Amino acid sequence: MDIKESLKLNIKNALKALGVDLDVNEIVIEDSKDPAHGDYATNIALKSARNFGKSPRDVASLIIENLDKASIDHIEVAGPGFINFFMKQDSLTNVVSKIIDEKENYGRGEKKNFKVNVEFVSANPTGDLHVGHARGAAIGDSISRILEFDGYDVTREYYINDAGNQINNLAKSIEARYKEILGVPCEFPEDGYHGEDVKAVARKIYEEVGDKALTYENPLEFFKERGMEIELDKIREDLANYRIKFDIYSSERKIRSNNAVEKEIAYLDKHIYKDEGALVLKTTDYLDDKDRVIVKGNGDYTYFLPDIVYHVNKLSRGYDLLIDVLGADHHGYINRMKSALMMHGYSKDVLEIELIQMVRMMKDGAEFKLSKRTGNGYTLRELCEDVGVDAARFFFVTRAASGHLDFDLDLAVKQSSDNPVYYAQYAHARLASVLESASDITIDKLGNELSKKSELDLIKTLAKFPDVVKVASKERAPYKIANYIHEVAEQVHSFYTECRVIDRSNLSVTSSRLGLCLASKIVLSNALKLLGVSAPDHM
RNA sequence: GCGCUAGUAGCUCAGUUGGAUAGAGUACAACACUACGAAUGUUGGGGUCAGGGGUUCGAAUCCUCUCUAGCGCGCCA
């Protein structure tokens, strides 16, 4: 158990002895910002003063009398009633051996036996992934990694809209480009895809089958199937390069098969009414502020209906929670879908939607929109080529998903201190380098000789990691990991400057500091892994 | 017009769910290596927390109104 958790339990027991029963989660232990306030602090006396009918300071004194002080050096009451804890040194340094023993499992949460399905990217296979997808991809994958590490069973899922109009437009666009190659006159479809990538697909098909495609029984069908395969292969490849692997690719067509949509209409019957020939779902009975058309007057389905089928399908596969990572322009969609799921008897909480705000790519102080290659949007592939996967993934998750993000391309390519990725990776490489040059010295895991301020500060930060993981997991907030990484890196550099690690005339201090180096390296590596960013030993 | 999200240092953003003197990075200024990676560290200035009102021991945080920005409000997806 980490230090904060045991303090919380300690306080809980003290309160219980005083006749007040509180949940552990209601007790907040803060890291003191000011060393004069000790190592940790709590405001519990202020919060529970009402229960006692006494002044907060008096309550604080009462609590202190009932605490188990085994790991505590001394305790102070301060200000309006804060309790400040000054820990015994060994209760801090114990963390070092814990980290070294647990290695890549340090910070891992307990098994929850709780199945989560995280759906993200889900871009239509009609072209290359662009930077808009890149942020959602980085955040979706990091959330998945964090949840997994925290003990959830996570499935990453990609939904392929292969039944809609866009796919037909893709087929027509490819056909037009293909005819272009053959010199057959044709008109480019009105809603077609004009990008260079579609031309490339047509060229690829031409290389594969020559001029025979037009003689096929159903050329358009062929262009559709083959085109989609090619597009999907590209997407998979881009994602793999971006260190993302989906467990499941779900096809809309497959989900629609066996009359699933018609069955869904029958199932929802009592929530459906007719309006001017259209079928409308009465979502206002639940959370929505407006009823939604699910079948148009001409008999076509709106996108919403198969989407309901898809979400019900996911839930029927046994997930306890669905998380959709979507662009912020989908926020109107949330209550709509939750309402539909509630019609199936699910709680509104089985679906959680993480909205990702827009990204602006910035270069030379101005917005950078266009791909130099295709003339369309700046693609994920180009981004990775330009700034590297590490920088791309790290930059996308450094800010809360709900906020707009300005991605500074100039900064991301800089291999210098002001680039936060290099700052963190450099810290890791430095530690690796020190450990390497002292590989003949035995490492002391117990941290016996650690007493300098920068050493103890670093230890306290390392001790927080399991807690940071829990919070990041609970809030689906990868940026908290990113902030934490920066904090660790900062203290590693600070420690490194204040304390010379290798001193062959003083092996006992050296081996303790090597232990701290190793522990720090492990934590940095574990944290970076949660963001899909590499932790190199050499740079 | 209604709804969602946001407004914190010159810029990009945190702020542990209502707590102690509002913090980082960046930019700016000054200092520090004959040493384990200076891709670093230390120090400094910089704030009407968009604005008004309210709730209480205590508000950047909760309530309310106003202003500003982005996005939604389709028988589009």
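Structure shown above.
What counts as what
For every chain, the first residue of the written sequence is number 1, and numbering continues from 1 along that sequence. Ligands are numbered from 1 and chains lettered from A, in the order in which they are written. Restriction of local features to residues with pLDDT of at least 70 applies here, the model being predicted, together with a cutoff of 80 or more for giving and counting side-chain atom pairs; totals for whole chains, interfaces and linings are based on all residues. The side-chain figures draw on all heavy atoms in the structure; neither hydrogens nor water molecules are used. For two strands to be treated as a pair, DSSP must find at least two bridges joining them. The numbering of helices and of strands both runs from the N terminus, where a helix is a DSSP run of H or I of at least 4 residues and a strand a run of E of at least 2. A fitted line through C-alpha atoms serves as each axis, taken over the contacting stretch for helices, and the angle formed by two N-to-C directions is quoted from 0 to 180°. Nonpolar core, defined: a set of buried Ala, Val, Leu, Ile, Met, Phe, Trp, Tyr and Cys residues in which side-chain atoms within 4.5 Å join the residues together. With a 1.4 Å probe rolled over the protein chains alone, any residue whose accessible area is under 20% of its type maximum counts as buried; one over 50% counts as exposed, and the rest are partly exposed. Should any heavy atoms of two residues lie within 4.5 Å, those residues are considered in contact. Only protein atoms enter the 1 Å grid used here. Points where a 1.4 Å probe fits but cannot escape make up a cavity, open sets with protein on both sides within 12 Å along at least five of seven lines make up a pocket, and a residue lines them when an atom lies within 4 Å of a point. Grid points are joined across faces, edges and corners, and a volume is the space filled by probe spheres set on the points. In the scheme used here, Gly and all other residues not listed as nonpolar or charged are polar, with Ala, Val, Leu, Ile, Met, Phe, Trp, Tyr, Cys and Pro taken as nonpolar and Asp, Glu, Lys and Arg as charged. In this document the domain limits rely on a domain assignment from an automatic tool or a database. In what follows, salt bridge is the name for a side-chain nitrogen of Lys or Arg lying within 4 Å of a carboxyl oxygen of Asp or Glu.

Novice: Quick rundown of the sheet that holds strand 4 (residues 82-87)? Include the residues and the values.
Specialist: Note: strands within a sheet are paired through backbone hydrogen bonds, in either parallel or antiparallel orientation. Here four strands make up an open sheet; going across it, the order is 1-2-4-3 and the pairing antiparallel. If you trace the sheet from one side to the other, it starts and ends with strand 1 (29-31) and strand 3 (72-78), each paired once. Put simply, the sheet's adjacent strands are angled 30° from each other on average, direction ignored. With six bridges connecting them, strand 3 and strand 4 associate as antiparallel partners.

Novice: Give me the environment of Ala123: which residues, what numbers.
Specialist: Topologically, Ala123 is positioned in the loop between strand 5 (115-119) and helix 5 (131-149). Note: C-alpha distance between Ala123 and Asp31 (92 residues apart in sequence) is 42 Å.

Novice: Explain the nonpolar core to me, and be specific about the residues and the numbers.
Specialist: By size, the foremost hydrophobic cluster in this structure holds 120 residues, and its most contacted members are Phe85, Tyr242, Leu383 and Phe407. If one sorts the elements of this core by residue count, helix 19 (residues 507-530) sits on top with 10 residues. Not counting the four nearest positions on each side in its chain, Tyr242 is found in contact with Ala134, Ala137, Ala138, Leu380, Cys384, Val389, Ala392, Arg393 and Phe396. Formed by 30 residues, the second largest nonpolar core is a distinct cluster that contains Val312, Tyr319, Met337 and Leu341.

Novice: Help me get a handle on empty space enclosed by the protein, residues and values and all.
Specialist: This structure, assessed with the given rule, holds one cavity of 30 Å³ or more. If you add up the space inside the largest cavity, you get close to 40 Å³. Lining the largest cavity are Asp2, Ile3, Lys4, Tyr40, Ala463, Lys464 and Asp467. Breaking the lining of the largest cavity down by element, the ones donating at least two residues are helix 1 (3-17) and helix 17 (453-474). Tallying contributions element by element places helix 17 first for the lining of the largest cavity, with three residues. For the lining of the largest cavity, the per-class residue count stands at three nonpolar, no polar and four charged. Three or more residues apiece are contributed to the lining of the largest cavity by two domains, here domain 1 (3-87) and domain 2 (93-111 + 416-530).

Novice: Explain the sheet that holds strand 10 (residues 292-295) residue by residue, including any values.
Specialist: Across the sheet, three strands lie side by side as 8-9-10; this open sheet has antiparallel pairing. The sheet is open, and its two borders are formed by strand 8 (272-275) and strand 10, each paired with just one other strand. Sheet twist, expressed as the mean angle between neighbouring strand axes with direction ignored, is 45°. Examined bridge by bridge, strand 9 (residues 278-281) and strand 10 share three bridges and lie antiparallel to one another. Paired with Val280 across the bridge in strand 10 is Val293.

Novice: Please give an account of the pattern of salt bridges that cites residues and values.
Specialist: Under the counting rule described, the total for this entry stands at 42 salt bridges. Put simply, Glu148 and Arg156 hold a salt bridge, and the shortest N to O gap is 3.1 Å. You can call Arg156 buried: its relative accessible area is 8%. A single network of salt bridges, built from pairs that share partners, joins Lys4, Asp31, Lys464, Asp467 and Glu487.

Novice: Which residues make up the environment of Asp2, and what are the values?
Specialist: As for its placement among the helices and strands, Asp2 is situated in the segment before helix 1. By relative accessible area, Asp2 is classed as buried at 12%. Beyond its immediate stretch of four places on either side in the chain, Asp2 contacts Ala463, Pro466 and Asp467.

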